[in-house]
Structure formats: C-alpha cells, structure tokens
Amino acid sequence: MKMQIGGKAVEACSHEFSDIINPATGELIDRVPRGTEEDAEMAVEAAWSAFSDWASTSPQQRAGILYRAAGIVRERKDELAVLLTREQGKPLTEAKNEIEGFANVLEYYCGLASSFHGGFIPIHQSGYAFTVKKPLGVCSAIIPWNMPALIMAWKISPALITGNTLVLKPASSTPLTNLTLSSILSEAGLPAGVLNIVTGPGEVVGESLIKNRKVKRISFTGETGTGKRVAELAASGMKKVTLELGGSDPMLVCDDANLEAAVAGALRGRFYNCGQTCTAVKRLFVFESVADEFIKKLEAGIRNLRVGNGLHENVDMGPLNNRRQWEYIKELVAEVEEKEEGRIVTGGRVPEGGDYSKGYFFGPTLVVDVSEESRLLNEEVFGPVLPVVRVKDLDEAIEKANNTCYGLGASIWTKNIDRARIGCERLNAGIIWLNQHLKVAPEVPFGGTRDSGIGKENGPDALSEYLELKTVMLKT
Ligand code: NAD
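In this text, all values refer to a predicted model and were calculated from it rather than measured experimentally.

(A) Structural view of the overall build of the chain. When helices and strands are tallied, the chain shows 14 helices and 20 strands. Taking 23 Å as the expected radius of gyration for a compact globule of 476 residues, we find that the chain reaches 23 Å, a close match to that expectation. Expressed as a percentage of its 476 residues, the buried residues of the chain come to 57%. In the chain, 73% of the contacts between residues at least 6 apart in sequence involve partners at least 24 apart. With the model as given, the accessible surface of the chain reaches about 19500 Å², and the carbon-plus-sulfur share is 51%.

Next up, the structure:
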C-alpha cells in the first residue's frame, strides 16, 4: 500500500519500503513506503492548502461525510477486521469490535456537529463581549499499534468535525488498516488533503510532524518515554498537545466482591488484545482472606483461554504484535523465575506445538505473591502476564495501587458503597471503574494523570482541544 498525501497514493521520497509482517505466522502481508522528513513536509503542505476550504464548510456538511464513511466502514466491517487481525494479531471478534468502534466514534462526533459555537457575555454597564470558536489549522496525530483503528477514530473525528485538517502517522507495524480507513473517508467525500497519512519511523516522520511550524496541535498516543520526547518538541514550538501514554492499572478485589465476576473481569481486563491495552489490568491486589479461592478460579479461567492465530475459529488470544514486545515479555518472566520474585502458577512460556513457533506467541501467565521489587510491578507490562499481590485490607491495597508513576485507570471490586467511594476518592487515576474494568465509550472523557499523560480524548470536551477561542469585547 502507498501513503496518502493530498488525495493521492504516493511512494516515499526515499523509494524505500518497510515490510508489514503477520505476527501470527511471520508471513509478509504487504509493504509500505518508508517515509522521510520530506514526505512529512509534503503532507503538512497538503493539509495546509486544504485547510481554508474545509474550515469554511459547515459542521453539518462535514458530519454528512463522516456519516457516509461510518456507513461504508460498517458495510466493509468483515474485510477490515481480517486486515486488522492480519497486521495486528488480535482475534477476529476483537478486530470486528474495533472496526465497529471506529464507526461508532465517527457517528458520535457527527452528533456533536451543531454543539460548538461561541457565546454572548453581557458586561454590566459597559457593553458586551462575545466569543468565537475557530478550528486551529493543521493538526498531527501519532498513534500506536495496539488499537490502530479505534485510536485513529479518537483523533481524526474531533479534529475533522471542527474544521481542522490532519496528518496522521500510523505505528510502523500496523499502517494497513489506517490507510484503508483513510481511503474510505476519501470515498465518502472527504476532500483531498484534509486527511493525509504518512508511514515511516517515529523518530523521522513523527518528529518532523511535531517540529513543522505549520502544525498547530499534536495528539499523541504511545509509550510514556516517547510521550516525554513529544512533549519537549511540542513545548519548544508552543504547540497544543494531548498525550495519551502508558499505564499500569491496578485492580482491587475486596473480600466482599462477587468473585466470579471479578475473575471474568480480570481475564478480560488482562488478556484482551493479548494484554496490549493501555488500560489493561496490569497489577492485581486481592484481599488475603479470599486470595486462595480467587487465584484458584483465576488459574482455571486462564487455563481455558485458547491461544492461536486470530483468524482461526475459537481463539481467545492471539500473538503479541511485534518481536520487540515478545522479547520484552519473555525477558520479564525469565527474570521473575531467575530472581524468584513470584510463583508462576500457569503459563510463563511460549506454548508448544501447532504453529506457535512461527509467530510471537506467549502463553497467558499468572504470577502470584510477586515481590515489590519485581519489574512486573514497576514497569508497564504490555503483554499477557498478570501479577497478583495479596493485601490485608483496602488501605494497603490503595497504598500499593498508588505506588507507581502511572495514573491511567484503576478498578475496585466490592459490593460495599463505602469501599467503592473510598477507592474512587483515593486511587490516582484518570478513570475508575466499579465492578468492571476496560470499558470505554466515545461519550466518556478518557485520559490519564501523572506519567500516563496530559489532556483527555472523547466526550464533548474533546472538541475544545481542536478549537481556538477568540474573545471580542464591545463598548456600548
Ligand atoms: P511508541 O511510543 O513506541 O510509539 C507510538 C507512536 O509514536 C508510533 O507511531 C511511533 O512510530 C511513534 N514514535 C516513536 N518515536 C517517536 C518520536 N521520537 N517522535 C514522534 N513519534 C514517535 O508506543 P507503542 O509501542 O506503539 O504503543 C504502546 C504504548 O502505547 C503503551 O505504552 C500503551 O500503554 C500506550 N497506549 C496508550 C493509550 C492511552 O490512551 N493512554 C492507548 C493505547 C496505547
């Protein structure tokens, strides 16, 4: 596939390509241009040229195009889901949910098309003021590989509905679904240059998109380390920025929790998308008094998970997305064994037999009684490994849960309203779930605190991130 700049499918100026590999089989799926700084610049120019016409369309006209695109995406859902599974690795059912999610997000923002406008402010005895909301201009979006379709929707929808133009850089291992979705938007009537996609390395294309003086806003999702680099570059150019970064979400299971529901929540919360979800359950704290029973049920649930190629039937968990991630997870678990930092109850290795040897598979892993120094509790574990720690009560659970630099999500499982309230008040996180984990919706603001990021996506407030508020004061 080629990049999309100014409404045209183009190769990179370097004439170089990167291979896109199926993480379940190791097979080459496609090749995409290895973009350069020059390509990023061309894309910004295309977005710049398209801005004035696009900004002067009405929000309702823009919504008409996004609605049409959402309709085409729904019609082509099965084919898009297969593409997403092939490049990302997730099971087909999860891929279908994600494609459906892309269409839902587009439609949600179409519904907000009439909601953003300035206001009138009377000023006592001296006149009045009014405010005007204008699109910013060219924005850039840089996204990761774990949920490429959904995160694309979170970024392009508020940007486009408010009249901005955009250059998006996909992750290097998952550009194909993004490119196909972009061509669907063109088919739905999005004018040339309004959305441009440049593939290529983050350090080259990504940084170039941030540094370009014509780019007014950067919306970044990725690792905290990369986010800090993005923040530095954005600050020196005085650019607006949203950073959606890593997390190490705690799940707190109290002794009065519905244990069956908590086990189901932990299984989904940790192993969905092979553990590669920013708000996955990455540390689990369970009250001692129910820990043995809970761990036994959890172990049984994990042993039932079927690992395999996401395109095959009855697969609960696919491979990790890329070699780097796979090597990292193998290294972490080997270290736990070597340093005796916890007891591996199940998993802990690459599954044997079948076609596992061809992909980046790792068995769903449960590690209990994990020691405080373990990297499992101190780094973002972006893979199918669940560390469990026993705690005596809620105070200890909250103290341990907050002992991290991250603050993305957290969940508390209890039937007791006071415990729920205390958890909501004291847990440091941008999103708190009660008796559930992982659920997100376009209507709900999403984003972390501390090293998990700056700013929110989703919900009506996300629109103001893409609008400049101008105040006009009149004397009477
Ligand atoms: P990453 O930081 O390695 O890459 C993210 C994107 O940034 C990619 O497109 C990459 O090419 C680009 N990039 C890399 N270096 C860059 C640079 N110097 N300048 C500009 N762009 C650069 O992250 P990843 O491994 O792709 O994704 C996994 C991470 O994303 C995890 O930490 C996960 O928690 C996080 N994530 C966060 C959220 C959220 O909403 N908070 C959602 C999904 C994923």
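(B) Representation of helix α7 (residues 202-211) in the model. Buried residues of α7: Val205, Gly206, Glu207, Ser208, Leu209 and Ile210, and no others. Those residues of α7 that are buried lie in contact with α1 (37-55), β7 (138-142), β8 (165-169), β10 (215-221) and α8 (224-236).

(C) Spatial organisation of the side chain of asparagine 402. Along the chain, asparagine 402 turns up in the loop between α13 (394-401) and β17 (409-413). Judged by its relative accessible area of 18%, asparagine 402 is buried. Looking at asparagine 402, its side chain comes within polar contact range of the main-chain nitrogen of asparagine 428, at 2.9 Å. For asparagine 402, the contacting residues outside a window of four places in its chain are Arg426, Leu427, Asn428 and Arg450.

(D) The arrangement of the site of the ligand in detail. Contacts to the ligand come from 28 residues, most closely from Ile143, Glu207, Thr226, Leu245 and Glu380. The contact in question runs from an oxygen atom of the ligand to an N or O atom on the side chain of lysine 169, over 3.0 Å. In this structure, a nitrogen atom belonging to the ligand sits 2.8 Å away from a main-chain N or O atom of leucine 245. Protein chains bury 94% of the 850 Å² of accessible surface belonging to the ligand in isolation. Within the residue set of the shell around the ligand, elements represented by two or more residues are α7, β10 and α8. No other element matches the five residues that α7 contributes to the shell around the ligand. In terms of residue class, the shell around the ligand is made up of 14 nonpolar, seven polar and seven charged.

(E) Here's a closer look at the sheet that holds strand β5 (residues 120-123). Strand order in the open sheet made by the three strands is β5-β6-β20, with antiparallel pairing throughout. Each edge of the open sheet is held by one strand with a lone partner, namely β5 and β20 (467-474). Each adjacent strand pair in this sheet contributes to an overall mean axis angle of 20°, direction not counted. In terms of strand pairing, β5 meets strand β6 (residues 127-135) through four bridges, oriented antiparallel. The residue bridging phenylalanine 120 from the neighbouring strand is phenylalanine 130, located in β6.

(F) Highlighting the UniProt feature "domain: Aldehyde dehydrogenase" (unreviewed entry) in the chain. Per the UniProt record, the feature "domain: Aldehyde dehydrogenase" (unreviewed entry) sits at residues 16-472. Helix makes up 40% of residues 16-472 and strand 20%. Its end C-alpha atoms lie 50 Å apart.

(G) Representation of the packing of aromatic side chains within the structure. Throughout the structure, instances matching the rule amount to six aromatic pairs. Aromatic side chains tryptophan 145 and phenylalanine 382 sit 5.5 Å apart centroid to centroid with 70° between the ring planes, which places their arrangement in the edge-to-face category. Separated by 237 residues along the polypeptide, tryptophan 145 in the loop between β7 and α5 (148-161) and phenylalanine 382 in the loop between α12 (375-378) and β16 (385-391) bring together distant segments of the chain. With relative accessibility at 14%, the residue tryptophan 145 sits in the buried group. When its relative accessible area of 12% is taken as the criterion, phenylalanine 382 is described as buried. Each ring, one from tryptophan 326 and one from tyrosine 360, has its centre 5.5 Å from the other, and the planes form 50°; the classification is tilted. Within this pair, whereas tryptophan 326 is found in helix α11 (residues 323-339), its partner tyrosine 360 is found in the loop between β14 (343-346) and β15 (365-368), the two being separated by 34 residues in sequence.

What counts and how
- Residues numbered from 1 in each chain as written.
- Predicted model: local features only at pLDDT ≥ 70, side-chain atom pairs only at ≥ 80, totals over all residues.
- Heavy atoms only, no water.
- Helix = DSSP H or I, 4+ residues; strand = E, 2+ residues; numbered from the N terminus.
- Rg over C-alpha atoms; globule rule 2.2 N^0.38 Å.
- Buried < 20%, exposed > 50% of the residue type's maximum accessible area, 1.4 Å probe, protein only.
- Contact = heavy atoms within 4.5 Å.
- Areas by Shrake-Rupley, 256 points an atom, 1.4 Å probe, with all protein chains shown as cover.
- Polar contact = N/O pair within 3.5 Å; in protein donor to acceptor, adjacent residues only side chain to side chain.
- Near = heavy atom within 4 Å.
- Nonpolar A, V, L, I, M, F, W, Y, C, P; charged D, E, K, R; others polar.
- Pairing = 2+ DSSP bridges.
- Axes fitted to C-alpha atoms, helices over the stretch in contact; angles between N-to-C directions.
- UniProt positions renumbered as here; feature names shortened; annotations may be inferred.
- Phe/Tyr/Trp six-rings, centres within 6.5 Å; stacked < 30°, edge-to-face > 60°.

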